[in-house]
Amino acid sequence: MEDNPLLSLDDEVLPIFIFDTNILDKLQKEDRRVSYIFHFVHKLKQDLSACGLDLKIFYASPEAAFEYLIPQGMDEVVACEDYDNYAKERDLKISHKIHFRYIKDTYIFKPNEVLKEDGTPYLVFTPFYKKVRVLLENKNRDAFKLAQNTLIDEDYEGITKIDANGVVTKLPLSLESLGFEKIELNIKNPHAKLEDFKKYINDYKQKRDFLNEDAGSNLSVDLRFGTISTRAVLRFVFDLKGYDTEPFIRQLVFRDFYAYLLFHMPRIESQNYRYSFNGIEDNQKFEAFCKGQTGVPIVDAGVRELLKTGAMHNRVRMVVASFFTKDLLLPWQWGEKFFAEHLMDFDKASNVLSWQWSAGTGVDPQPYFRVFNPYLQSKKFDKDAKYIKRFCPELGHVEAKYLHDENYLFNNFIQGYPKPIVIYKTASKIAIEYYKKS
Ligand SMILES: Cc1cc2nc3c(=O)[nH]c(=O)nc-3n(C[C@H](O)[C@H](O)[C@H](O)COP(=O)(O)OP(=O)(O)OC[C@H]3O[C@@H](n4cnc5c(N)ncnc54)[C@H](O)[C@@H]3O)c2cc1C
């Protein structure tokens with residue numbers, strides 16, 4: 001409701017939300033993101049009602065929803081921008097039916113706002129960041145004000161379902177109407193998260209990589225679903241005087257950079273930007289990975305954290321993705337899809353570009369010959385193995401030092417836990433050879 005450009009239109013409006021069947025039909029019925037979205041859509045409807053507006057909720061494909069709405073006399077659709085390939089194609093289709101206007105809200109910059117002198121997009125983060133940093137100083141961060149919109153007369157009750165044959169039915173306003181199970185979530189107010197983060201922001205750079213510290217802002221899910229605006233986050237950091245905010249701003253800009261790259265190069269959503277080598281398909285290794293049963297403690301703990309909570313620490317995401325693409329030699333697209341299915345903060349651009357970064361195939365990637373040693377990573381960032389033991393309780397009785405020791409894990413039997421499925425040194429050597437050839 002606050003700082004939302006869509007509510008600053010000052011017009012006659014029909015606010016809508018579409019639970020998109022093209023997306024929902026592919027999800028597991030216990031998807032925690034649907035519970036999260038439903039919670040906020042419901043709240044949005046209540047908040048809109050409290051100020052004389054409302055929200056019409058559809059359960060339909062976007063095309064079907066607009067075929068239903070357009071004959072009723074709409075003259076324009078206004079939405080916030082979304083740049084992944086599905087979203088672009090969806091919005092293009094709608095724009096063939098009715099005038100379609102994007103209002104910039106999702107990211108800090110529009111894709112063409114930050115270009116090189118020759119008018120082409122930046123392909124390397126550091127020069128992009130330098131340019132952005134100058135632009136940010138004068139960037140308008142003011143909050144959008146709620147305008148005096150009038151509400152179009154419509155039936156706003158329940159959920160309007162439109163099936164594949166165009167049959168319209170009315171469903172009660174509940175998650176169960178969408179065929180999903182309610183998952184209990186610990187939803188925190190994003191502004192409270194920012195306030196909390198104030199305590200940690202000075203240590204962010206030093207502590208954010210340590211797995212047992214909660215040194216990040218935990219705002220990725222809010223930025224993903226728009227439960228906080230990017231302007232509000234910028235206002236917060238720019239108003240903090242005397243704090244070391246730069247490392248955090250840099251990460252925030254990464255989010256923009258990845259969306260920007262995907263906008264300018266849509267093919268990288270599924271294809272390597274560089275190198276022809278694209279992994280070796282191996283279902284057995286993939287299955288062990290997806291169950292958190294690779295025998296490499298930090299990797300298994302990360303996967304199990306994801307399955308259990310929908311989150312994964314950023315450092316662990318990097319270690320896991322490196323292990324997946326370089327040590328297991330699996331196609332990055334498989335890992336990206338697995339994350340997409342489970343991450344609460346799943347964002348196509350950040351996920352794809354981060355996976356390509358880890359695989360070494362991306363636009364500004366980690367060099368292909370750099371392979372994280374998962375044991376050194378856990379020794380450095382989870383010395384006492386508290387994180388590992390939290391998510392792999394069967395390792396609770398093993399001394400921490402052994403959980404960072406490949407030799408030990410390979411040569412000793414641990415009840416209920418597998419031996420490592422690959423040897424780090426050999427596997428990374430093979431990976432580097434493959435990349436060299438391609
Ligand atoms: C393989 C892999 C996959 C990833 N997939 C996603 C994803 O689907 N969605 C997602 O939001 N992030 C993704 N990330 C980036 C990062 O892990 C998360 O943004 C971060 O863990 C969120 O925690 P936080 O909100 O505490 O971040 P903070 O450290 O507090 O950072 C602030 C904000 O900046 C943005 N940000 C931070 N780091 C990155 C980064 N490396 N790349 C892009 N944006 C960043 C996020 O919006 C984040 O909320 C991925 C990273 C890797 C290595």
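Thresholds, definitions, all that
- Residues numbered from 1 in each chain as written.
- Predicted model: local features only at pLDDT ≥ 70, side-chain atom pairs only at ≥ 80, totals over all residues.
- Heavy atoms only, no water.
- Domains from an automatic or database assignment.
- Contact = heavy atoms within 4.5 Å.
- Buried area = accessible area lost by both parts, 1.4 Å probe.
- Salt bridge = Lys/Arg side-chain N within 4 Å of Asp/Glu carboxyl O.
- Polar contact = N/O pair within 3.5 Å; in protein donor to acceptor, adjacent residues only side chain to side chain.
- Nonpolar A, V, L, I, M, F, W, Y, C, P; charged D, E, K, R; others polar.
- Core = buried A, V, L, I, M, F, W, Y, C linked by side-chain atoms within 4.5 Å.
- Buried < 20%, exposed > 50% of the residue type's maximum accessible area, 1.4 Å probe, protein only.
- Helix = DSSP H or I, 4+ residues; strand = E, 2+ residues; numbered from the N terminus.
- Near = heavy atom within 4 Å.

On to the domain arrangement of the protein chain, then. Structurally, the protein chain comprises domain 1 (1–106 + 155–173) and domain 2 (283–437). Look at where the C-alpha atoms of domain 1 and domain 2 centre, and you get two points 38 Å apart. Between domain 1 and domain 2, the residue contacts involve 5 residues of the former and 12 residues of the latter. Buried area between domain 1 and domain 2, summed over both chains or domains, comes out near 530 Å², and the portion from carbon and sulfur atoms is 51%. In terms of surface lost to domain 2, no three residues of domain 1 exceed R32, R33 and D84, which account for 90% of the buried area on that side. Applying the counting criterion to the domain 1 and domain 2 interface returns 0 salt bridges. Counting the contacts that link domain 1 with domain 2 gives 5 residue pairs in polar contact (both at pLDDT 80 or more). Along the lines of polarity and charge, the residues of the side of domain 1 that touches domain 2 split into 1 nonpolar, no polar and 4 charged.

Once that is clear, we can look at the nonpolar core. The biggest cluster of nonpolar side chains holds 92 residues, and the ones touching the most others in it are F128, L136, L261 and F289. For this core, the element with the highest residue contribution is helix 10 (residues 246–264), accounting for 10 residues. Setting aside chain neighbours within four positions, we find F289 in contact with T294, V299, V303, V320, F324, L328 and F338. With 17 residues, the next largest nonpolar core counts V13, L24, I57 and F180 among its residues.

A few words now on the site of the ligand. Lining the immediate surroundings of the ligand are 27 residues, of which Y204, S217, N218, N314 and D345 lie closest. In this structure, Y204 approaches the ligand through a side-chain N or O atom, which is 2.5 Å from an oxygen atom. Between a nitrogen atom of the ligand and a side-chain N or O atom of Q251, the distance comes to 3.0 Å. Listing elements by their share of the shell around the ligand, those giving two or more residues are helix 8 (220–225), helix 10, helix 13 (314–327) and helix 15 (348–359). If you tally residues by element for the shell around the ligand, the top one is helix 10, at 6 residues. Here the shell around the ligand is built from residues that sort into 13 nonpolar, 9 polar and 5 charged.

This brings us to the environment of T126. By the element assignment, T126 lies in helix 5 (residues 125–137). When its relative accessible area of 39% is taken as the criterion, T126 is described as partly exposed. Each C-alpha atom of the pair T126 and D364 lies 9.7 Å from the other, and the pair is 238 residues apart in sequence.

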